[in-house]
Amino acid sequence: MALFRNLRGAILPGPLIEIVSRGAGWIVSLGGGWRGMAVEERARATFLNLRYGWRARRIGRHVVVDHPARLEIGDGSSIRHGVVIAIGREGHCRIGRGCHISHNSVLAASGGIVIGDGCALSSGVVIYSITNGPTSDGQSPVGGAAIRAEVVLDRDIHVGMGVRILPGVQIGAAAVLGAGAVVTTNVEPGATMTGIPARPRGTSGD
């Protein structure tokens, strides 16, 4: 199996995937409209799926995955331009079926990130599963021991633009996280959370 993976990588090097994908999109774009970009993203997904065993529908430009073998992408999911998935040597990241990860989002998955089926992450979302603990003298956490805690999103969750989700948070099915929210605690299924720190909509910040 390892030999087969290595052969796939040799046959489908990254630069060649980019050239073919962008070329296909450019040819289609000559006819006008936005179909060229869709064709490019689908072509890129097809090649990367073959190379890494993913099952993505669309993958945009400038997507960065540091350890692609530790990433799972379910059927029909889309990863848009500029997404960064930093998994590290000890982490894992699983994206379910029919998910949409929008532009310039960051998944810091060294502590593990699991995203259930049908979830939608808007642009600029950041999910942290790793942070630094306090130093022994209680001062700045910079340089402290790394703390890893898996983040789990259940199914059908909508995450608004610019949301930050902190390590260890678990979010229940069909929850909605409003734009700009900073989620520091677990979220109940079906809840709508807004603010910094995020609270159920309609509750006081006091």
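An account of the accompanying structure is given in this report. These figures come from a predicted structure and were not determined experimentally.

Note on sheets: strands pair through backbone hydrogen bonds, and any given pair is parallel or antiparallel. Ordered in space as β3-β6-β9-β14-β17, the five strands form an open sheet in which the pairing is parallel. This sheet does not close on itself; its edge strands, each paired only once, are β3 (71-73) and β17 (170-171). Bridging between strand β14 (residues 151-153) and β17 involves two bridges; their strand directions are parallel. Considered in β17, the bridge of V152 is made with Q170.

What follows concerns a nonpolar patch on the surface. Residues L16, I19 and V20 make up a contiguous nonpolar surface patch of roughly 260 Å² in combined accessible area. By the secondary structure assignment, I19 is in helix α2 (residues 14-29).

Turning our eyes to something else, we now look at the pattern of salt bridges. Inspection of every chain in the model, using the stated rule, returns nine salt bridges. Across the salt bridge formed by E90 and R148, the nearest N and O atoms sit 3.9 Å from each other. Taken together, the residues span a long stretch of sequence, with E90 in the loop between β5 (84-86) and β6 (93-95) and R148 in strand β13 (residues 146-148) at a distance of 58 residues. The shortest N-O distance in the salt bridge between R97 and D117 comes to 2.9 Å. One end of the pair, R97, is in the loop between β6 and β7 (100-101); the other, D117, is in the loop between β9 (113-115) and β10 (120-121), and 20 residues separate them in sequence.

The contact between α2 and helix α3 (residues 35-52) brings their axes to 7 Å, and the two run at 155 degrees. Here α2 lies roughly antiparallel to α3, going by the angle between them. Considering the relative orientation of α2 and α3, their crossing is right-handed. Seen from α2, the contacting residues are G14, I17, E18, V20, S21, R22, A24, G25, V28 and S29; seen from α3, they are R35, G36, V39, E40, A43, R44, F47, L48 and R51. Of the residues assigned to the contact of α2 with α3, the class counts are eight nonpolar, five polar and six charged.

For the bond from I196 to P197, the omega torsion is -10 degrees, close enough to zero to count as cis. Assignment of secondary structure puts P197 in the loop between β20 (192-194) and β21 (199-200). The phi torsion at H62 lies on the positive side, around 60 degrees, for a residue other than glycine. Along the chain, the position of H62 falls in the loop between β1 (58-59) and β2 (64-65).

Attention now moves to the sheet that holds strand β19 (residues 182-183). Spatial strand order, β2-β5-β8-β11-β16-β19: six strands in an open sheet with parallel pairing. Sheet topology places β2 and β19 at the edges, where each strand pairs with a single neighbour. Relative to β19, strand β16 (residues 164-165) runs parallel, the two sharing two bridges. Paired with I165 across the strands is V183, a residue of β19.

Looking now at the environment of L71. Structurally, L71 is set in strand β3. According to the relative accessible area criterion, L71 is buried, its value standing at 4%.

The rules behind the values
Residues numbered from 1 in each chain as written. Predicted model: local features only at pLDDT ≥ 70, side-chain atom pairs only at ≥ 80, totals over all residues. Heavy atoms only, no water. Pairing = 2+ DSSP bridges. Helix = DSSP H or I, 4+ residues; strand = E, 2+ residues; numbered from the N terminus. Patch = residues over 30% accessible without salt bridge, like charges linked within 9 Å, V, L, I, M, F, W, Y side chains within 5 Å. Areas by Shrake-Rupley, 256 points an atom, 1.4 Å probe, with all protein chains shown as cover. Salt bridge = Lys/Arg side-chain N within 4 Å of Asp/Glu carboxyl O. Axes fitted to C-alpha atoms, helices over the stretch in contact; angles between N-to-C directions. Parallel < 35°, antiparallel > 145°, perpendicular 65-115°, else oblique. Left-handed = near helix turned anticlockwise from the far one by under 90°. Contact = heavy atoms within 4.5 Å. Nonpolar A, V, L, I, M, F, W, Y, C, P; charged D, E, K, R; others polar. Buried < 20%, exposed > 50% of the residue type's maximum accessible area, 1.4 Å probe, protein only.

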